[in-house]
Amino acid sequence: MIKTPLCELLGIEYPIFQGGMAWIADADLAAAVSNGGGLGIISAMNAGGDWLRDQIRKAKSMTDKPFGVNIMLMSPHVDEVAQVVSEEKVAVVTTGAGNPTRFMEQWIAAGIKVIPVVASVALAKMAQRAGASAVIAEGGESGGHVGDLTTIVLVPQIVDAVELPVLAAGGIGDGRGVAAAFMLGAVGVQLGTRFLVANECNVHENYKKKVLKAGDVDTIMTGKRLGHPVRQIKNQFSRNYFKAEYSSISDEELEKMGVGSLYKAAIEGNEKEGSFLAGQISAIVNKEQPAAEIITEIFAEAEEVLKGAGKWVK
Ligand code: TUI
């Protein structure tokens with residue numbers, strides 16, 4: 001059995017979060033992960049407050065276990081969804097793609113545990129000062145909006161920089177990854193890509209197929225020119241976008257190219273025009289299975305790896 005301080009902090013059985021994937025992580029997936037003993041997370045993405053409130057209430061009806069909401073700080077509705085999570089008193093709020101400190105006092109006053117996703121030591125320290133309960137150190141192997149540093153480099157630096165529990169994210173897809181994260185000083189992990197192919201995940205079947213089929217070099221990073229680097233699976237859209245970044249088109253036109261592309265991927269399954277955000281670990285994600293089984297399988301593997309971790313020590 002693997003137990004860490006994160007389990008006690010949140011009242012969860014396994015120290016694992018499901019990443020808050022925009023247009024993908026809804027109440028069905030979050031409840032399945034929480035019922036499986038991890039922490040399920042609903043993504044507030046670019047949605048409005050009413051949609052989020054419905055999803056939170058739906059998840060509450062599907063599980064008695066704690067779950068979280070991920071707030072994407074670049075969302076045009078960020079103020080509204082920040083208010084909704086306070087009113088609904090969700091157990092945990094994770095944040096991404098920005099600095100959450102201006103909202104943290106409000107969330108903490110509502111009894112919410114705030115766990116920001118950070119891609120740098122500076123933001124981790126800021127989160128600690130603002131009252132975070134833990135931080136998620138996410139390396140650039142992950143899907144979606146990514147920072148510069150890799151997980152293996154970022155996690156130990158964040159562990160050294162803060163006194164909070166640290167979760168590792170980015171490039172983790174099985175028990176070996178979990179064991180490695182623990183070796184770096186993390187006490188928990190967050191996985192997105194592996195949960196994307198869970199049976200309970202409502203993302204379009206074509207999206208799941210793309211992740212299941214992807215090989216080692218099948219993701220690409222786009223968006224650097226506009227300052228929002230994003231990792232996604234190579235296809236017609238991402239290749240064209242990548243090329244456009246190095247052409248003479250204006251920033252405005254480039255920005256326009258990306259609008260609606262994640263919706264096209266996640267909801268419509270449009271293989272050519274969609275933006276299929278996924279992590280580099282897609283290459284080892286090869287089967288669709290229930291969320292609860294993903295969790296038990298990963299932790300059985302991690303336990304084996306960790307038990308054997310001393311084998312080279314003579
Ligand atoms: O946020 C994520 N992953 C995401 S957000 C997203 S939606 C989106 N789509 C297109 C473009 C941009 C966003 C899809 N995937 N992960 C957590 C994360 N946060 N990774 C990197 C960061 C980050 C980066 C810069 C956090 C803060 C930051 O700057 C902080 C500051 O000082 O403002």
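Scroll up to find the structure this text is about.
Rules and cut-offs
- Residues numbered from 1 in each chain as written.
- Predicted model: local features only at pLDDT ≥ 70, side-chain atom pairs only at ≥ 80, totals over all residues.
- Heavy atoms only, no water.
- Axes fitted to C-alpha atoms, helices over the stretch in contact; angles between N-to-C directions.
- Helix = DSSP H or I, 4+ residues; strand = E, 2+ residues; numbered from the N terminus.
- Parallel < 35°, antiparallel > 145°, perpendicular 65-115°, else oblique.
- Left-handed = near helix turned anticlockwise from the far one by under 90°.
- Contact = heavy atoms within 4.5 Å.
- Nonpolar A, V, L, I, M, F, W, Y, C, P; charged D, E, K, R; others polar.
- Phe/Tyr/Trp six-rings, centres within 6.5 Å; stacked < 30°, edge-to-face > 60°.
- Buried < 20%, exposed > 50% of the residue type's maximum accessible area, 1.4 Å probe, protein only.
- Near = heavy atom within 4 Å.
- Polar contact = N/O pair within 3.5 Å; in protein donor to acceptor, adjacent residues only side chain to side chain.
- Pairing = 2+ DSSP bridges.
- Core = buried A, V, L, I, M, F, W, Y, C linked by side-chain atoms within 4.5 Å.

> What am I meant to see in the packing of helix α8 (residues 175–183) against helix α14 (residues 291–307) here?
Between two packed helices, what matters for the description is the angle formed by their axes and the separation of those axes. One way to put it is that α8 packs onto α14 with a least axis distance of 7 Å and a crossing angle of 55°. By the angle between their directions, the pair α8 and α14 is classed as oblique. Between α8 and α14 lies a crossing whose hand is right-handed. Taken together, the residues of α14 that come into contact with α8 (itself represented by G175, R176, V178, A179, F182 and M183) are I298, F299, E301, A302, V305 and L306. Grouping the amino acids of the contact of α8 with α14 by side-chain chemistry returns nine nonpolar, one polar and two charged.

> When you look at the packing of aromatic side chains in this model, what are you seeing that I'm missing?
In this description, an aromatic ring pair is defined by two values, namely the gap between the centres and the angle between the planes. Under the defined criterion, the tally for this structure stands at six aromatic pairs. Here W23 and Y263 contribute two aromatic rings whose centre-to-centre distance is 5.0 Å and whose plane-to-plane angle is 80°, an arrangement assigned as edge-to-face. Of the two residues, W23 is situated in the loop between β1 (16–18) and α2 (27–35) and Y263 in helix α13 (residues 261–266); the sequence distance between them amounts to 240 residues. Looking at W23, the relative accessible area reads 33%, which means it is partly exposed.

> I tried to follow the site of the ligand on my own but got confused; where do I start?
Inspection of the region around the ligand gives 15 residues, with A97, G98, V117, E138 and H145 positioned closest. In this structure, a nitrogen atom belonging to the ligand sits 2.9 Å away from a side-chain N or O atom of E138. Taking H145, its main chain carries an N or O atom lying 2.9 Å from a nitrogen atom of the ligand. By residue class, the composition of the shell around the ligand is eight nonpolar, six polar and one charged.

> Teacher, can you tell me more about the environment of A266 here?
With respect to the secondary-structure elements, A266 resides in helix α13. As for A266 and I249, which are separated by 17 residues in sequence, their C-alpha atoms are 27 Å apart. Setting aside residues up to four positions removed in sequence, A266 forms contacts with W23, I24, V203, H204 and Y207.

> Could you clarify how one ought to interpret the sheet that holds strand β11 (residues 230–233) in this entry?
In any sheet, the strands associate via hydrogen bonds between backbone groups, in a parallel or an antiparallel arrangement. Strand order across the open sheet formed by three strands is β7-β11-β10, with antiparallel pairing between neighbours. Each edge of the open sheet is held by one strand with a lone partner, namely β7 (144–145) and β10 (219–222). Across four bridges, β10 lies against β11 in antiparallel orientation. Note that in β11 the partner of T219 across the bridge is I233. Contacting β10 and β11, helix α11 (residues 236–245) runs over the sheet at an angle of about 35° to β10.

> Whenever I open this one, the nonpolar core confuses me. Can you help?
General note: in soluble globular proteins, nonpolar side chains tend to be found buried as a group. By size, the foremost hydrophobic cluster in this structure holds 77 residues, and its most contacted members are I71, V85, W107 and Y207. A per-element tally of this core places α14 first, with six residues. Those residues in contact with W107 that sit more than four places away from it in its chain are I71, A82, V85, S86, V93, T95, P100, I112 and V114. With 14 residues, the next largest nonpolar core counts L10, F17, V92 and I115 among its residues.

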